[in-house]
Amino acid sequence: MPDIYYAGIDLGTSRSSITTSTGKRLSVETCVGYPKDVIAKKRLQKDYLLGGDALDNRLAVNLVWPLAEGVIRDDEQALQATALILRHLIEVGLPEKQEDDQVYAAIGVPAQASIVNKKALIDLCEGFIDKVLIVSEPFAVAYANDRFDECLIVDIGAGTTDLCRIHGTLPEPEDQLTLKTAGNFLDAEITKAIHAKYPDVQLSARIIRTIKEKYGYVSETADPVKVTLNTQGIPQEYDITQLLRECCLSLANPISKAVQQLVGSFDPDFQERLRQNILLAGGGSRLKGIDLAIEKSLQAYGGGRVECVQDAEYCGSTGALKMSMEMPAEYWERI
Ligand SMILES: Nc1ncnc2c1ncn2[C@@H]1O[C@H](COP(=O)(O)OP(=O)(O)OP(=O)(O)O)[C@@H](O)[C@H]1O
Ligand SMILES: [Mg+2]
């Protein structure tokens, strides 16, 4: 008898993860690197590299980030890269799977991609997933946390921040809102601000991301942030305390506004419940003080309560796994 395996996948802009019914989980950066030329190919001995391997060989490969803007770009290369990442997650996540075993997978994707790319995503899974369910990522987060009563999920990712009102049913389009202000946007703001103040320092995407993840904050007080950066190869210490906070606020403020908007346009009988049940998820929810900053912005509207999920890295794929094991047959797409 063939076995059935279940898997929950969080297909993110910067990072994707899988949690399986056999208790395994792993994640990988959502990028694929193709060798730049024949020499690179000879050295790497592969047609492509995935995730961290691709990034470690950044100089020898052309990097493709297929979900850069919260949707999969409609070109062959982006679609192929997405399929390679999904296949890799299934293969590594379910090593015990035999040829004729079945895989049922729920895939959480950015809210926009769940609408725009649904059909393409289903087609991509052919050959390694037998039944698939495409869900919007914030809903998977709600599912992971058993939050089916009125609550507002705010998933602050790399490419997009997705907000979704949950009220006991599957969400409708008017319950969702997507902002481009997310992790990548903040990286660009920090880069601009540092260059404006210290024009000659040398910055890379990796340096900026490390600074942001280690020191980023929106609280009102903080220890001074001094970082060592190179200017023409010479390391020197720079104070970025104030500019870092201003950049981080340029991420937090539009999110607070969007929260107010989704609360304010909800059925008035339930607005209070919604305001008291706001859940932040995604890597951006780790930004120091962001929960309090959003709470503070709600004071003028009668206050609210904002919490961060416990497990920002895996709560999307955990929720998707739970859905894959509980969803009745009519919700699935057979491939
Ligand atoms: N401590 C931190 N402070 C601020 N930002 C952080 C922190 N840790 C991670 N991030 C940022 O969170 C983002 C990644 O979050 P996540 O993994 O949820 O995104 P994603 O799911 O790949 O993207 P999306 O949801 O847009 O598809 C990156 O921009 C990363 O730099
Ligand atoms: Mg995400």
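Computed from a prediction, not measured in an experiment: that's the story for all the values here.

J.: Describe the pairing of strand 13 (residues 226–231), listing the residues and the values that go with them.
T.: Going residue by residue along strand 13, you find Val227, Leu229 and Thr231 tucked away on one face and Lys226, Thr228 and Asn230 left uncovered on the opposite face. Bridge count for strand 12 (residues 201–202) against strand 13 is two bridges, and the pairing is antiparallel. Each residue of the ladder has a partner; that of Val201, found in strand 13, is Thr231. By the bridge criterion, six bridges tie strand 13 to strand 14 (residues 234–239) in an arrangement that is antiparallel. By the bridge assignment, Thr228 is partnered in strand 14 with Glu237. Here strand 13 folds back onto strand 14, and the loop between the two strands holds two residues, one of which, Gln232, carries a positive phi near 45°.

J.: Describe the domain arrangement of the chain, with residues and values.
T.: According to the domain assignment, the chain contains domain 1 (4–30 + 65–142 + 314–334) and domain 2 (146–308). Centre-to-centre separation of domain 1 and domain 2, based on C-alpha positions: 26 Å. Contacts between the two partners involve 16 residues from domain 1 and, on the opposite side, 19 residues from domain 2. Interface area for domain 1 against domain 2, summed over the two sides, is near 1,500 Å², with a carbon-plus-sulfur share of 64%. Of all residues in domain 1, Pro138, Phe139 and Ala142 give up the largest surface area on contact with domain 2, accounting jointly for 38% of the area buried on that side. For the interface between domain 1 and domain 2, the tally reads one salt bridge. Linking Asp146 and Lys322 is a salt bridge whose minimum nitrogen-to-oxygen distance equals 2.9 Å.

J.: Residue-level account of the packing of helix 9 (residues 241–264) against helix 10 (residues 268–275), with values.
T.: Helix 10 packs onto helix 9 with a crossing angle of 145° between their chain directions and a minimal axis gap of 9 Å. In this structure, helix 9 uses Leu262, Val263 and Gly264 to contact helix 10, whose residues at the interface are Gln271, Leu274 and Arg275. A breakdown of the residues in the contact of helix 9 with helix 10 according to their chemical character gives three nonpolar, two polar and one charged.

J.: Residue-level account of the sheet that holds strand 7 (residues 102–109), with values.
T.: In spatial order, the strands read 3-2-1-7-8-17; together these six strands make up an open sheet with mixed pairing. Of all strands in the sheet, those with a lone pairing partner are strand 3 (25–29) and strand 17 (333–334), marking the two edges. Across two bridges, the pairing between strand 8 (residues 131–136) and strand 17 is antiparallel. Along strand 17, the bridge assignment pairs Val132 with Glu333.

J.: Tell me about the packing of aromatic side chains, and name the residues and values.
T.: Within this structure, the stated rule accounts for six aromatic pairs. Among the aromatic side chains, those forming a connected cluster through ring pairs are Tyr6, Tyr104 and Trp332.

J.: Could you give me a rundown of helix 3 (residues 76–93), with the residues and numbers involved?
T.: Here helix 3 spans 26 Å end to end across 18 residues, near enough to the 26 Å set by a 1.5 Å rise per residue. Those residues of helix 3 lying buried are Ala78, Leu79, Ala81, Thr82, Ala83, Leu84, Ile85, Leu86, Leu89, Ile90 and Gly93.

J.: Could you give me a rundown of the site of ligand 1, with the residues and numbers involved?
T.: Surveying the vicinity of ligand 1 reveals 18 residues, the closest of which are Thr13, Ser14, Arg15, Lys212 and Glu213. For ligand 1, an oxygen atom lies 3.2 Å from a polar atom in the side chain of Arg209. Note that an oxygen atom of ligand 1 is positioned 3.4 Å from one of the backbone N or O atoms of Gly284. In the complex, 94% of the free accessible area of ligand 1, which totals 660 Å², lies under the protein chains. Looking at which element gives the most residues to the shell around ligand 1, the answer is helix 8 (residues 205–215), with three residues. The residue inventory of the shell around ligand 1, partitioned by class, reads three nonpolar, 10 polar and five charged.

The rules behind the values
Residues numbered from 1 in each chain as written. Chains lettered and ligands numbered in written order. Predicted model: local features only at pLDDT ≥ 70, side-chain atom pairs only at ≥ 80, totals over all residues. Heavy atoms only, no water. Buried < 20%, exposed > 50% of the residue type's maximum accessible area, 1.4 Å probe, protein only. Helix = DSSP H or I, 4+ residues; strand = E, 2+ residues; numbered from the N terminus. Pairing = 2+ DSSP bridges. Domains from an automatic or database assignment. Contact = heavy atoms within 4.5 Å. Buried area = accessible area lost by both parts, 1.4 Å probe. Salt bridge = Lys/Arg side-chain N within 4 Å of Asp/Glu carboxyl O. Axes fitted to C-alpha atoms, helices over the stretch in contact; angles between N-to-C directions. Nonpolar A, V, L, I, M, F, W, Y, C, P; charged D, E, K, R; others polar. Phe/Tyr/Trp six-rings, centres within 6.5 Å; stacked < 30°, edge-to-face > 60°. Expected span 1.5 Å × (residues − 1). Near = heavy atom within 4 Å. Polar contact = N/O pair within 3.5 Å; in protein donor to acceptor, adjacent residues only side chain to side chain. Areas by Shrake-Rupley, 256 points an atom, 1.4 Å probe, with all protein chains shown as cover.

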